[in-house]
Amino acid sequence: MEYTVTGSGPVLVLVHGVGKGGQSAFGHLVDQFAERNTVIVPELSGSEAAEDDGGDLTVEGLAEEVSAVISDYGTEQVDLVGFSLGGAVVAATAALHPEQIRRLIPVGGLVETDQYMRNLIGLTLSLSDNPVAFGRVLTTTAFSPKYVNSLDSLEEVDKLGAELSPSRGRIRQLELLVRVDIRGLVEKVEAETLVVAPYPDAAVPTEHSRQLHAAIPNSSYVEVDSGHMVLFEKPVEFVKLVNEFIHRP
């Protein structure tokens, strides 16, 4: 597993979800966060930069990878952000390793996959031999209509879809997303938590973030007017939300 370290100050770890990896998800935000934080971006199993045995992924396994990165860097406590599938992973990390996590921010995360998501992911996986169609399904659900309509052409949309191409790692990530169930873990989270919910979200519907908020004892909740890919649709607002939460007394 690779990870990058940028900036100085309190340590902020940014955990990716389904996609190419940490830099693909958060790379455009790192410099902004690094103005006030030491920013760590890991590349977990399933990402293009990670090397592993190629087996099935688990939320608990990815949580142990996050914990290992924190330990390897050598810091005692971090603030932890997780996007989408990464939202479930960071919640599990906080439950399994409470001593490592100061504040927690799941973004577009979930407690348990529902029938809607299994249907959507099944449709996506059925198109794994057609990269353009595979990418279009994901971009159609991950980005809001307003954002897609702001692009100049369908070719621009397909460029976004190419970031979500049906690689073996991506398929493993989606196969895990079908199986997510952290009901036995999330109630053990002790860290002060801010649940960030994109709304309306067609990829991981907003109700999942509401359930995550309800399940974490010490949590607050905020909705952002955005599709699932709030990191790209509302980057300035997102950075401001995170910094205000982790830097308040």
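The preceding data block contains the structure.
Small disclaimer: the values here were computed from a predicted structure and weren't measured.

Enquirer: I would appreciate a short explanation of the pattern of salt bridges in the present structure.
Expert: For side chains of opposite charge, pairing can occur when their charged atoms come near one another. All chains considered together, the criterion is met by 14 salt bridges. For Asp 158, the salt bridge identified is with Arg 136, shortest N-O distance 2.9 Å. Remark: Arg 136 occurs in helix α6 (residues 131–142) and Asp 158 occurs in helix α8 (residues 154–162); sequence separation between them is 22 residues. Here Arg 136 falls in the partly exposed class, since its relative accessible area comes to 34%. For Arg 248, the salt bridge identified is with Glu 192, shortest N-O distance 2.4 Å. Separated by 56 residues along the polypeptide, Arg 248 in the segment after α13 (235–247) and Glu 192 in strand β6 (residues 192–199) bring together distant segments of the chain. Salt bridges linked by common partners bring Arg 103, Glu 192 and Arg 248 together as one network.

Enquirer: Just to check I follow, could you spell out the sheet that holds β6 for this structure?
Expert: In a beta sheet, neighbouring strands are held together by backbone hydrogen bonds and run either parallel or antiparallel to one another. Taken together, seven strands build an open sheet; the order of strands is β1-β3-β2-β4-β5-β6-β7 and the sheet is mixed. If you trace the sheet from one side to the other, it starts and ends with β1 (3–7) and β7 (219–225), each paired once. Looking at each pair of strands side by side, their axes are set apart by 20 degrees on average, direction ignored. Against the sheet, helix α11 (residues 206–215) contacts β5 (101–107), β6 and β7, and its axis sits at roughly 165 degrees relative to β6.

Enquirer: Looking at this structure, I do not really get the packing of α6 against α8. What am I missing?
Expert: Two numbers describe a pair of packed helices, the interaxial angle and the distance between the axes. Relative orientation of the contacting elements α6 and α8 amounts to 95 degrees, with a least axis distance of 8 Å. Taken together, the axes of α6 and α8 lie roughly perpendicular to each other. Of α8, the residues touching α6 (which contributes Val 132, Gly 135, Arg 136 and Thr 139) are Leu 154, Val 157, Asp 158, Leu 160 and Gly 161. Looking at side-chain class alone, the contact of α6 with α8 contains four nonpolar, three polar and two charged residues.

Enquirer: What should I look at first to understand unusual backbone geometry in this one?
Expert: Of note, the bond from Tyr 199 into Pro 200 is cis; its omega dihedral lies within 30 degrees of zero at 0 degrees. Along the chain, Pro 200 falls in the loop between β6 and α11.

Enquirer: Any chance you could explain the pairing of strand β3 (residues 38–42) here in plain terms?
Expert: Within β3, five of the five residues are buried, which leaves it mostly tucked inside the rest of the structure. Here β3 shows a buried face lined by Thr 38, Ile 40 and Pro 42 and a second buried face lined by Val 39 and Val 41. The pairing of β1 with β3 spans five bridges and is antiparallel. Within β3, the position partnered with Val 5 by the bridge is Ile 40. With three bridges joining them, strand β2 (residues 11–15) and β3 adopt parallel strand pairing.

Enquirer: I would appreciate a short explanation of the packing of helix α5 (residues 115–126) against α6 in the present structure.
Expert: Relative to each other, α5 and α6 sit at 155 degrees, their axes nearing to 8 Å. With respect to their mutual orientation, α5 and α6 come out roughly antiparallel. Helix-helix and strand crossings are classified by hand; for α5 and α6 the assignment is left-handed. Counted together, Leu 120, Leu 123, Thr 124 and Leu 125 of α5 and Phe 134, Val 137, Leu 138 and Thr 141 of α6 form the full contact between these two elements. Of the residues contributing to the contact of α5 with α6, the split by class is six nonpolar, two polar and no charged.

Enquirer: Before we go on, may I ask you to explain the nonpolar core in this structure?
Expert: Nonpolar side chains tend to gather and get buried jointly when the protein is soluble and globular. Residues Val 13, Val 15, Leu 80, Ile 101, Leu 104, Leu 177 and Ile 182 are the most contacted members of the largest nonpolar core, which totals 43 residues. Sorting elements by how many residues they give to this core places helix α4 (residues 85–96) first, with eight residues. Ignoring anything within four residues of it in the chain, the contact list for Leu 177 reads Val 18, Leu 85, Leu 110, Thr 113, Met 117 and Ile 121. Judged by nonpolar contacts, the second largest core, of 28 residues, contains Ala 25, Phe 26, Val 39 and Val 242.

Parameters and conventions
- Residues numbered from 1 in each chain as written.
- Predicted model: local features only at pLDDT ≥ 70, side-chain atom pairs only at ≥ 80, totals over all residues.
- Heavy atoms only, no water.
- Salt bridge = Lys/Arg side-chain N within 4 Å of Asp/Glu carboxyl O.
- Helix = DSSP H or I, 4+ residues; strand = E, 2+ residues; numbered from the N terminus.
- Buried < 20%, exposed > 50% of the residue type's maximum accessible area, 1.4 Å probe, protein only.
- Pairing = 2+ DSSP bridges.
- Axes fitted to C-alpha atoms, helices over the stretch in contact; angles between N-to-C directions.
- Contact = heavy atoms within 4.5 Å.
- Parallel < 35°, antiparallel > 145°, perpendicular 65-115°, else oblique.
- Nonpolar A, V, L, I, M, F, W, Y, C, P; charged D, E, K, R; others polar.
- Left-handed = near helix turned anticlockwise from the far one by under 90°.
- Core = buried A, V, L, I, M, F, W, Y, C linked by side-chain atoms within 4.5 Å.

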